[in-house]
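Secondary and tertiary structure notes
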Amino acid sequence: MPEIRNYTLNFGPQHPSAHGVLRLVLELDGETIVRADPHIGLLHRGTEKLAEFKPYNQSIGYMDRLDYVSMMANEHAYVMAIEKMLDLEVPERAQYIRVMFDEITRILNHLMWLGAHALDIGAMTVFLYAFREREDLMDCYEAVSGARMHATYYRPGGVYRDLPETMAKYSESKWHSGKKLDKLNETREGSLLDFIEAFTERFPGYVDEYETLLTDNRIWKQRTVDIGIVSPERALQLGFTGPMLRGSGIEWDLRKKQPYEVYDKLDFDIPVGSTGDTYDRYLVRVAEMRESNKIIKQCVKWLKENPGPVIADDHKVTPPSREDAKSNMEALIHHFKLFTEGYTIPTNEAYSAVEHPKGEFGIYMVSDGANKPYRMKVRAPGFAHLASLEEMTKGHMIADVVSIIGTQDIVFGEVDR
Amino acid sequence: MKQSVLDLQNKINDVLGGRVVSSNIALDELTIELKPDDAIDAFTMLRDDLGFEQLIDLCGIDYLDFGQANWETMKAANTGFSRGVFDFAVEEDEEAKNQERRFAVVYHLLSIQNNIRLRVKVFPESTQLPTVDSVIQIWSCANWFEREAFDLFGILFNNHPDLRRILTDYGFVGHPLRKDFPLTGHVEMRYDAEKGRVVYEPVSIENRVNVPRVIREDASPKV
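1. Some thoughts on the overall build of chain A
In terms of regular secondary structure, chain A is built from 18 helices and eight strands. By the compact-globule yardstick of 22 Å for 417 residues, chain A fits well, its C-alpha radius of gyration being 23 Å. The principal-axis extents of the C-alpha atoms in chain A amount to approximately 90 × 60 × 40 Å. By residue count, 60% of the 417 residues in chain A fall in the buried class. Taking contacts inside chain A between residues at least 6 apart in sequence as the whole, the part at least 24 apart equals 69%. Measuring between centres, the 50 positive side-chain charges of chain A sit 3 Å from its 64 negative side-chain charges.

2. Notes on the sheet that holds strand E6 (residues 348-356) of chain A
Residue and element names in this part refer to chain A. Taken in spatial order, the three strands make up an open sheet running E6-E7-E8, and their pairing is antiparallel. The outermost strands of the open sheet, each flanked by one partner alone, are E6 and strand E8 (375-379). Going from strand to strand, the sheet's axes swing by 10° on average, the running direction of each strand aside. The pairing of E6 with strand E7 (residues 359-367) spans nine bridges and is classified as antiparallel. Its bridge partner being in E7, Ala353 is matched across the sheet by Gly362. Lying over the sheet, helix H3 (residues 71-86) contacts E6, E7 and E8, oriented at roughly 150° with respect to E6.

3. Overview of helix H4 (residues 142-153) of chain B
All names here are of chain B. The terminal C-alpha atoms of H4 lie 16 Å apart, and with twelve residues this matches the ideal 16 Å at 1.5 Å per residue to within 8%. For H4, the tally of buried residues reaches eleven of twelve residues, placing the bulk of the element in the interior. Positive phi appears at Gly154, one or two residues downstream of H4, with a value of about 75°.

4. Considerations on the sheet that holds strand E3 (residues 32-39) of chain A
All names here are of chain A. Taken in spatial order, the three strands line up as E1-E2-E3 in an open sheet, and their pairing is antiparallel. On the outer flanks of this sheet lie strand E1 (7-11) and E3, each paired with one strand and no other. Going across the sheet, the axis of each strand differs from the next one's by a mean of 20°, ignoring polarity. Summarising the sheet, E1 and strand E2 (residues 23-29) pair through five bridges and their orientation is antiparallel. Across the sheet, residue Tyr7 finds its bridge partner in E2, namely Leu28. Here helix H17 (residues 398-408) sits on the sheet in contact with E1, E2 and E3, set at roughly 145° to E2.

5. Quick notes on the interface of chain A and chain B
Interface size, as often reported, equals the accessible area lost upon joining of the parts. The partner chain B presents 63 residues to the 66 residues of chain A that form the contact. A buried area of about 5,400 Å², summed over both sides, lies between chain A and chain B, and 55% of it is on carbon and sulfur atoms. It is A:Lys49, A:Gln237 and A:Tyr374 that lose the most area in chain A upon contact with chain B, and together they represent 14% of the buried surface on that side. Applying the counting criterion to the chain A and chain B interface returns ten salt bridges. Put simply, A:Asp37 and B:Arg164 hold a salt bridge, and the shortest N to O gap is 3.1 Å. Linking chain A with chain B are 34 residue pairs in polar contact (both at pLDDT 80 or more). At five residues, the largest contribution of residues to the side of chain A that touches chain B is made by E6(A). Split by residue class, the side of chain A that touches chain B holds 30 nonpolar, 15 polar and 21 charged.

6. Digging into the pairing of strand E8 (residues 187-192) of chain B
Residues and elements named next belong to chain B. In the sheet, E8 pairs with strand E9 (residues 197-202) via six bridges, with the strands oriented antiparallel. Counterpart to Glu188 in the pairing with E9 is Glu201. The hairpin formed by E8 and E9 contains four residues between the paired strands, and Gly196 there has a positive phi angle of roughly 70°.

7. Points about empty space enclosed by the protein
All told, the structure shown has one cavity of 30 Å³ or more when counted by the stated rule. As a volume, the largest cavity reaches approximately 30 Å³. Around the largest cavity, the lining residues are A:His44, A:Gly46, A:Thr47, A:Glu48, A:Arg417, B:Leu152, B:Leu167 and B:Leu177. Among the residues forming the lining of the largest cavity, the class breakdown is three nonpolar, three polar and two charged.

8. Observations concerning the pattern of salt bridges
Residues and elements named next belong to chain A. Throughout the structure, instances matching the rule amount to 51 salt bridges over all chains. Among the salt bridges present, the one from Lys304 reaches Glu197, with a minimum N-O distance of 2.6 Å. Here Lys304, found in helix H12 (residues 278-305), pairs with Glu197, found in helix H7 (residues 192-214); they are 107 residues apart in sequence, far enough to count as distant. When its relative accessible area of 38% is taken as the criterion, Lys304 is described as partly exposed. Taken together, the shared-partner salt bridges in this structure form one network comprising Glu103, Arg106, Arg246, Asp253, Arg255, Glu288 and Glu355.

9. Description of the packing of aromatic side chains
Tallied over the entire structure, the rule returns 21 aromatic pairs over all chains. One Lys or Arg, A:Arg98, reaches over the ring of A:Tyr154 and ends 5.7 Å from the middle of that ring. Positioned above the aromatic ring of A:Tyr374, the side-chain terminus of B:Lys179 is 4.0 Å from the ring centre.

10. Concerning helix H5 (residues 124-145) of chain A
An ideal rise of 1.5 Å per residue puts 32 Å on 22 residues; H5(A) measures up with 31 Å between its terminal C-alpha atoms. One or two positions beyond H5(A), positive phi appears at A:Gly146, with a value near 90°.

11. Digging into the side chain of B:Ser140
Its location among the elements puts B:Ser140 in the loop between strand E6 (131-133) and H4. Under the relative-accessibility criterion, B:Ser140 is labelled buried at 18%. Looking at B:Ser140, its side chain comes within polar contact range of the side chain of A:Arg234, at 3.1 Å. Ignoring any residue separated from it by four or fewer positions in sequence, one finds B:Ser140 in contact with A:Arg234, A:Gln237 and A:Leu238.

Parameters at a glance
- Residues numbered from 1 in each chain as written.
- Chains lettered and ligands numbered in written order.
- Predicted model: local features only at pLDDT ≥ 70, side-chain atom pairs only at ≥ 80, totals over all residues.
- Heavy atoms only, no water.
- Helix = DSSP H or I, 4+ residues; strand = E, 2+ residues; numbered from the N terminus.
- Rg over C-alpha atoms; globule rule 2.2 N^0.38 Å.
- Buried < 20%, exposed > 50% of the residue type's maximum accessible area, 1.4 Å probe, protein only.
- Contact = heavy atoms within 4.5 Å.
- Lys, Arg positive; Asp, Glu negative; His and termini not counted.
- Charge placed at Lys NZ, Arg CZ, Asp CG, Glu CD.
- Pairing = 2+ DSSP bridges.
- Axes fitted to C-alpha atoms, helices over the stretch in contact; angles between N-to-C directions.
- Expected span 1.5 Å × (residues − 1).
- Buried area = accessible area lost by both parts, 1.4 Å probe.
- Salt bridge = Lys/Arg side-chain N within 4 Å of Asp/Glu carboxyl O.
- Polar contact = N/O pair within 3.5 Å; in protein donor to acceptor, adjacent residues only side chain to side chain.
- Nonpolar A, V, L, I, M, F, W, Y, C, P; charged D, E, K, R; others polar.
- 1 Å grid on protein atoms, 1.4 Å probe; cavity = no way out; pocket = protein on both sides within 12 Å on 5 of 7 lines; lining within 4 Å.
- Points joined across faces, edges and corners; volume = space filled by probe spheres on them.
- Phe/Tyr/Trp six-rings, centres within 6.5 Å; stacked < 30°, edge-to-face > 60°.
- Lys NZ or Arg CZ within 6 Å of the ring centre and 35° of its normal.

Encoded structure:
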């Protein structure tokens, strides 16, 4: 009789459904997973070490590149940590802008997740649909910051500048012309806020489209229902946060429980799952997109009615206006010191966390009084989630590994840092 | 100062008693220090009696250069700060490297039932071979976090089932987040066409400081 041995399979690091550079060493008994050992770090860029060698403001751009599908949410935790240590007051309008962009970011992230997750387990259309809407949202990013993804828009004390009064339009080209062009520019006639408002009007209809494709789809259900079940007790033990924790039925959302910025003034609900399987986490995230849409709507309304400053007036931390810097000696000195040396933070330490689309994204910052962080630790939600991959996949079939990687919403920028 | 944080401080002092070496509140965050010997008991009590069911984060920290600046700003000097290539690597000061309380392990705990956070620090006794007990038995997610602290700081965790490197390359030497590890690293990698394989060589670039590290007690923003 031939000897029966377990089979060891190397999955990745360049597998399309590994969501980046995950190398997974799988031990298989037939088609069943016996052991899964993720090897991470292939995208390690030493963000924490680099931050120790840069003035505080120069690391904001690195935050975008952590979880590179929810850029502004990462920046948010970072600038909040600095603001906490400086006891810096953020103007209310800036808080609303940040909340609005956090929620835009959440939709961006969930669309990316939904598209990729569906594509991984065999539904291609959703991916194309999701990217259609992502395009509009990335235009919003571009309108405020000039960059479609790595915005560097949030600054300690507020945001870089106010929302623009005009929205970029498509121009005549051999791909867009005539009626098609008019249709593309239909919602771009007014300001950015008008554009976002128009988006929030049509977005619920789009979510219905995704749900039509997936929620009652037989194949989708076969691939997700009862896959990767995590009990609430285990979810807590495994350090789950965000939709992963809520999918297991624990109602925990930092936006509600430890509100930051203006979340306590906004009306929204926290969707919670019941069984803790992949399908529940799908439902939670889809419901979250609808809630985010609600929040954006409220922010747009407030922002239209309340103009005002968008960045704190303390020129030790925020740059003076260009006009001032050219006519006022003190402003010029502030400008020079801020951009050469930066500002110093008194000796202290702080942990600030935001409800990132993937979970709790935290920054632990230690300062020794210098103009650079002494230590900056990024608490990435994906790191804890991926660590549970072995527990979640054990006993499942090899094809389910792909579903489980998808449901964890892994992005290697933040896992490897 | 928030009342809930004060209450927590009193409660922790009651429950843990002499196990707490120090506890202080800054920016509405409570930090306690535990001795490495009975940290496991204390963590178990924190989880079971005080409701800290989640370990949010675990990380190392190296206090070697704490409070040291590149550039003296408190008194007048007749030289400015050169922006050229300048080696700031302090001479191998073995004594400083072996200073007590150089490394710390920082735990961030979250209680979902009480909606409160806590920061715990444990300073390993030895600096040569910094070792603390693993908390995997208390919070399963500590596994990877401890591997990361081992990888980046060389802190060892007793009773950890699988203390391998996690973020750095296969075959990496050194612990990159230690303060005596240069930003440029020690080796660089390239493809050698003659040998037909990737080779590692000592780094050819020098450490460069564009913006000096400055400590200004007088110029901290108005707080």
